[in-house]
Amino acid sequence: MDEGNNNQVSNSSKKTKFPITIFLLMAIIFPLLKLGSNPPTIPILGFHGIVKSQNNLRQSSNLEMDYKQQEIEKLLEYLVTQDYWFLTTQDLYDFFLTKSKEIPYEHRNKKMIMLTFDDGYKTVYTNLLPILSKLEKKYGQKIKVVLFISPGTLANNDGIPATHLRCQELRKGWQQGFFDIQSHGNNHQNLTEISQPQVISELLLARIKLRKCLDDLDPEQKVASHIAYPYGAYNKQVEKYVTKYYLSGYLYNDKLLNYTCLKDNYRIPRLMVNRTKSSQELIGIIQRFSTDPQQSLKKDICK
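Keep in mind the model is a prediction, meaning the values are calculated, not measured.

**Details of the confidence of the model for the chain**
When the pLDDT values of the chain are averaged, the result is 86; 79% of them are 70 or greater. Here residues 28-36 is a poorly scored stretch, pLDDT under 50, and it has six contacts once near neighbours within four places are set aside; other chains count. In this model residues 292-297 is a low-confidence stretch, pLDDT under 50, and it forms ten contacts with partners more than four residues away in sequence or in other chains.

What follows is the structure, given as structure tokens:
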């Protein structure tokens with residue numbers, strides 16, 4: 001009789017423990033699933049100047065690198081209406097590369113993208129910034145874009161042409177919350193073709209000058225914490241010194257970033273964008289890798 005009672009108690013205890021165990025497992029696993037649901041592939045698009053029409057293209061050897069204003073507006077409106085998270089360089093570093101911070105609740109499960117603009121052309125201020133303001137008013141969403149700037153080429157009163165941004169214009173875009181301002185070397189020199197002292201000078205002066213430009217607006221010194229290599233050129237010597245002054249480095253190699261297999265934070269890939277790629281083509285690329293896990297995990301993305 002006592003043995004039967006003991007068996008009943010034992011069975012009852014097992015029945016009680018089983019659902020509790022399942023509950024505890026779900027409580028542990030569910031948050032992990034939620035946190036890990038952001039797509040592992042992040043398109044990082046690399047633009048240069050933004051022009052209003054074919055007639056406004058800069059007269060230079062890099063005409064193909066300019067992008068039409070009407071095309072980028074179509075792209076941005078698509079990304080906003082699809083609720084993309086526009087990453088800054090520090091977002092990528094904190095939440096995905098180092099995982100030193102937890103992804104904010106409002107950004108979990110979101111598809112992500114980073115939009116970068118190299119060389120500091122004035123058209124980013126005159127032709128892109130109005131679109132960013134317009135879309136914020138229309139949809140209530142702030143679009144953050146990354147500017148990789150060479151401060152030695154900024155327009156000034158000493159003869160630097162007005163085709164490039166001025167410090168004051170960088171400050172306005174930062175104050176309005178649209179610009180993430182990072183380094184592109186001081187004078188946009190190919191870092192693999194200059195001497196060691198020149199490499200150090202290019203890296204250090206760019207950081208000093210950009211932080212001076214935005215000093216009172218950037219108490220956390222997020223400005224010039226990351227760098228895009230001019231011409232996408234780097235080697236072991238460049239990386240040796242870049243790691244001393246910057247948290248991460250960006251290439252220009254026409255590849256997508258899969259942050260789950262990135263082995264070096266100083267070799268972050270970017271997709272090259274020029275005027276031959278329509279907004280619809282870019283949207284097609286973004287859609288394919290944002291929604292298809294098999295595409296996201298292709299080996300060539302990790303190279």
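**Here we look at helix H7 (residues 236-245)**
Here H7 has its buried residues at Val238, Glu239, Tyr241, Val242 and Tyr245. Packed against the buried residues of H7 are helix H6 (196-213) and strand S9 (226-228).

**A look at the state of the cysteines**
In this structure the tally under the stated criterion is one disulfide. A disulfide bridge connects cysteine 167 with cysteine 213, and the sulfur atoms are separated by 2.1 Å. Taking the sign of the S-S torsion, 110° for the link of cysteine 167 and cysteine 213, the bridge is right-handed. Here the residue cysteine 167 occupies a position in helix H5 (residues 167-175), and cysteine 213 occupies one in helix H6, the gap between them amounting to 46 residues. Among the residues examined, cysteine 167 registers a relative accessible area of 28% and is labelled partly exposed.

**Description of unusual backbone geometry**
The phi dihedral of aspartate 119 is positive, around 85°, even though this residue is not glycine. Within the secondary structure layout, aspartate 119 lies in the loop between strand S6 (112-118) and helix H4 (123-139). Non-glycine residue glutamine 221 carries a positive phi angle of around 55°. Relative to the assigned elements, glutamine 221 resides in the loop between H6 and S9.

**So, the pattern of salt bridges**
Enumeration over the complete set of coordinates arrives at 14 salt bridges. Here lysine 142 makes a salt bridge to glutamate 136, at a shortest N to O gap of 3.0 Å. Glutamate 136 sits in the partly exposed class, given a relative accessible area of 26%. Residue arginine 267 is joined to aspartate 264 by a salt bridge in which the shortest nitrogen-to-oxygen separation is 3.5 Å. Judged by relative accessible area, arginine 267 falls into the partly exposed class, the value being 36%. Overall, aspartate 264 belongs to the partly exposed group, its relative accessible area being 23%. Connected through salt bridges with shared partners, the residues Glu239, Asp264 and Arg267 form a single ionic network.

**Some words on the pairing of strand S8 (residues 179-183)**
Burial runs high along S8: five of the five residues are buried. Bridge analysis of strand S7 (residues 145-149) against S8 gives five bridges, and the strand direction is parallel. For leucine 147, the partnering residue across the bridge sits in S8 and is isoleucine 181.

Rules used in this analysis
Residues numbered from 1 in each chain as written. Predicted model: local features only at pLDDT ≥ 70, side-chain atom pairs only at ≥ 80, totals over all residues. Heavy atoms only, no water. pLDDT = per-residue confidence, 0-100. Contact = heavy atoms within 4.5 Å. Buried < 20%, exposed > 50% of the residue type's maximum accessible area, 1.4 Å probe, protein only. Helix = DSSP H or I, 4+ residues; strand = E, 2+ residues; numbered from the N terminus. Disulfide = S-S within 2.5 Å. Salt bridge = Lys/Arg side-chain N within 4 Å of Asp/Glu carboxyl O. Pairing = 2+ DSSP bridges.

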